[in-house]
Amino acid sequence: MTDADLDPVIHAQSRLRVVATLAALAPGDRLTFPRLQQLLDMTAGNLSTHLRKLEEAEYVTVHKTFEGRTPATYVELSATGRAAFERYTAALTALLGGAR
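Residues numbered from 1 in each chain as written. Predicted model: local features only at pLDDT ≥ 70, side-chain atom pairs only at ≥ 80, totals over all residues. Heavy atoms only, no water.

The name recorded for the chain in an unreviewed UniProt entry is MarR family transcriptional regulator, from Cellulomonas hominis.

Structural data, given as structure tokens:
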């Protein structure tokens, strides 16, 4: 196992933080964009850029809707993203020498 075996989409520090945060939620649960931004202490532009990359990989789903007349954006980890994160953490554990 080498670091080349780690998923490059997830391995970027900011995207890893996004995926790890969303993976802590139960499957099907989601966060609002502002709440995710607050939890990660990221700018809206930076978070949007990383979400776009994760969305292109089908690791996250972004839902844009309205609550009354106010736009609302929700983000959730897809089943594909959850499986990719599980593979990533298993590969990372193997790279670090397994669980002790």
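1. Things to note about the packing of aromatic side chains
The cut-off we apply is this: For this analysis, a ring pair means two rings from Phe, Tyr or Trp (six-membered ring only for Trp) whose centres lie within 6.5 Å, classed as stacked if their planes differ by under 30 degrees, edge-to-face if by over 60, and tilted for the remaining angles. Both a distance and an angle decide whether a charge sits over a ring: NZ of Lys or CZ of Arg must be within 6 Å of the ring centre and within 35 degrees of the ring normal.
Applying the stated criterion across every chain yields a total of zero aromatic pairs. Lying over the aromatic face of Y74, R30 brings its terminal NZ or CZ to 4.2 Å of the ring centre.

2. A closer look at the sheet that holds strand β2 (residues 60-67)
Counted only if it meets this: In this scheme, strands are said to pair when DSSP sees at least two bridges between them. To qualify as a helix, a DSSP run of H or I must reach at least 4 residues; to qualify as a strand, a run of E must reach at least 2; elements of each kind are numbered from the N terminus.
Taken together, three strands build an open sheet; the order of strands is β1-β3-β2 and the sheet is antiparallel. Of all strands in the sheet, those bounded by a partner on one side alone are β1 (31-32) and β2. Where β2 lies against strand β3 (residues 70-77), eight bridges are found, and the strand directions are antiparallel. Note on β3: the bridge partner recorded for T65 is A72.

3. Structural notes on the environment of I10
Where we set the bar: Residue burial is assigned from relative accessible area. The probe radius is 1.4 Å, only protein chains are included, and a residue is buried under 20% of its type maximum, exposed over 50%, and partly exposed in between. It only takes one pair of heavy atoms within 4.5 Å for two residues to be counted as in contact.
Inspection of the secondary structure assignment puts I10 in helix α1 (residues 8-11). With a relative accessible area of 0%, I10 lands in the buried category. On a C-alpha basis, the gap between I10 and G81 in space is 9.2 Å, while along the polypeptide they are 71 residues apart. Not counting residues up to four positions away in its chain, the partners in contact with I10 are R15, L16, V19, Y59, A84, F85 and Y88.

4. Quick look at the pairing of β3
One ladder, built from two bridges, connects β1 with β3; its direction is antiparallel. Of the residues in β3, the one forming a bridge with T32 is Y74. Between β2 and β3, which pair antiparallel and follow one another directly, the connecting turn spans two residues, one of which, G68, has a positive phi of 75 degrees.

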